[in-house]
Amino acid sequence: MMRAIIFDFDGTLANTLPICFCAFKNVFTEYDNKDLSSEEIKDMFGPSETGIIRNNLSNPKKEMAIEYYYEKYSEHHKSLVEVDPEILELLRYLKEMDIKIGIFTGKAKRSLDISLKVLEMDGMFDVIITGDDVTNPKPDSEGLLKALSLLEVNNSDAIYIGDSDADVIAGVQANVFTIGVQWLPEYQTATFKETPNLLIKSVKEFKSFFKVVTNE
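Being a predicted model, the structure only gives us computed values, none of them experimental.

Chemist: Can you break down the nonpolar core residue by residue, with the values?
Modeler: If you look at the biggest cluster of nonpolar residues, it comprises 55 residues, and the most contacted ones within it are Met121, Trp183 and Phe206. The element that contributes the greatest number of residues to this core is helix H1 (residues 17-32), accounting for 9 residues. In contact with Trp183, other than residues within four places in its own chain, are Phe7, Thr12, Ile87, Leu90, Ile161, Ile200, Lys201, Ser202, Val203 and Phe206. By size, the runner-up hydrophobic cluster in this structure holds 16 residues, among which are Ile6, Phe104, Leu148 and Ala174.

Chemist: Tell me about the side chain of Ser164, and name the residues and values.
Modeler: Inspection of the secondary structure puts Ser164 in the loop between strand E4 (158-162) and helix H8 (165-173). Within the structure, Ser164 has its side chain in polar contact with the side chain of Asp167 (distance 2.9 Å). Not counting residues up to four positions away in its chain, the partners in contact with Ser164 are Gln188, Thr189 and Phe192.

Chemist: Can you tell me about the pairing of E4, naming the residues and giving the values?
Modeler: Within E4, 5 of the 5 residues are buried, which leaves the element mostly enclosed by the surrounding structure. Burial along E4 is two-sided: the face carrying Ala158, Tyr160 and Gly162 and the face carrying Ile159 and Ile161 are both buried. In terms of strand pairing, strand E1 (residues 4-7) meets E4 through 4 bridges, oriented parallel. Across the sheet, residue Ala4 finds its bridge partner in E4, namely Ala158. Here E4 runs beside strand E5 (residues 177-181); their pairing, made up of 4 bridges, is parallel. Residue pairing in the sheet places Ile161 in a bridge with Ile179 of E5. Each parallel crossover has a hand, and for E4 linked through H8 to E5 it is right-handed.

Chemist: Please set out the environment of Ile99 residue by residue, giving values where relevant.
Modeler: Along the chain, Ile99 turns up in the loop between helix H5 (85-96) and strand E2 (100-104). The exposure class assigned to Ile99 is buried, which follows from its relative accessible area of 6%. When the C-alpha atoms of Ile99 and Asn59 are compared, they prove to be 45 Å apart, with 40 residues separating the residues in sequence. Ile99 has contacts with Met2, Arg3, Ala4, Ile5, Leu94, Asp126 and Phe210, leaving out every residue within four places of it along the chain.

Chemist: Describe the sheet that holds strand E3 (residues 127-129), listing the residues and the values that go with them.
Modeler: Overall, parallel pairing links the 6 strands, which are arranged E3-E2-E1-E4-E5-E6 in an open sheet. With partners counted over all chains shown, the strands left at the sheet margins are E3 and strand E6 (198-200), one partner each. Sheet twist, expressed as the average angle between the axes of neighbouring strands with direction ignored, equals 20 degrees. Pairing analysis gives 4 bridges linking E1 to E2, with the strands arranged parallel. Within E2, the residue paired with Ala4 across the bridge is Lys100. Sitting on the sheet, helix H7 (residues 142-151) is in contact with E1, E2, E3 and E4, with an inclination near 160 degrees to E3.

Calculation criteria
- As a convention, each chain's residues are numbered from 1 in the sequence order in which they are written.
- Local features are withheld for residues below a pLDDT of 70 in this predicted model, meaning they are given only at 70 or higher, and side-chain atom pairs are given and counted only at 80 or more; totals for whole chains, interfaces and linings count all residues.
- Only hydrogens and water are set aside when side-chain values are computed; all heavy atoms of the structure are taken into account.
- Definition used in this section: a nonpolar core is a set of buried Ala, Val, Leu, Ile, Met, Phe, Trp, Tyr and Cys residues joined via side-chain atoms within 4.5 Å.
- When a residue's accessible area, from a 1.4 Å probe over protein chains only, is under 20% of the maximum for its type it is buried; when over 50% it is exposed; and in between it is partly exposed.
- We count a stretch as a helix when DSSP gives it H or I for four or more residues in a row; a strand needs E for two or more, and each element gets its number in order from the N terminus.
- Pairs of residues are marked as contacts when any of their non-hydrogen atoms sit within 4.5 Å.
- Polar contact is the term for a pair of N or O atoms within 3.5 Å; when the atoms are in protein, one must be able to donate a hydrogen and the other to accept it, and sequence-neighboring residues count only if both atoms are side-chain atoms.
- Two strands are said to pair when DSSP picks up at least two bridges between them.
- By convention a crossover is right-handed if, when the strands point away from the viewer, the path from the first strand over the helix to the second runs clockwise.
- To get an axis, a line is fitted to the C-alpha atoms, and for a helix only the part in contact is used. The angle between two axes follows their N-to-C directions and goes from 0 to 180 degrees.

What follows is the structure, given as structure tokens:
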């Protein structure tokens, strides 16, 4: 019985990769005088933003750089990330169907909170696990298992949806039905190294799948 759907955030629930790349590029230009490409930044993904900066920035002023990241993330968010009506409608639809919905993301809580408010998703989720809430970041399944535990849902009664190899690996390791999605303008993985249980390329396609598995 389908009881819960856990989502990744960046590239899955919101087209936030452009603002992530923008904020990181600002940080590394300002503090390390490095002009990084989006691909170079993407290769750092896994830990939260604070972890990425602490692990990869050469400049010792790491805490100042972290504050600068959030400043740029907030400053440019509205101009780089649009509210997606189709995603919002999907989340409301799932709640109407009494499906518990959650987020398991590598993002830090601070940046996620900024995005949720700007994108009108604040208060919609039954559980949120961020990169701040785990010891082992994706592709480890720690955060996904923690989300299911808090929801009191068995892994056989849940779906995990993400756009990256790390998402798919975490879902498979947790023995959760895992869907790889490429339904937003920008996503992290074009070809998954670990095969998800299902690959979906539009919200409409997912809703059709959902109606079949729930006999709605």
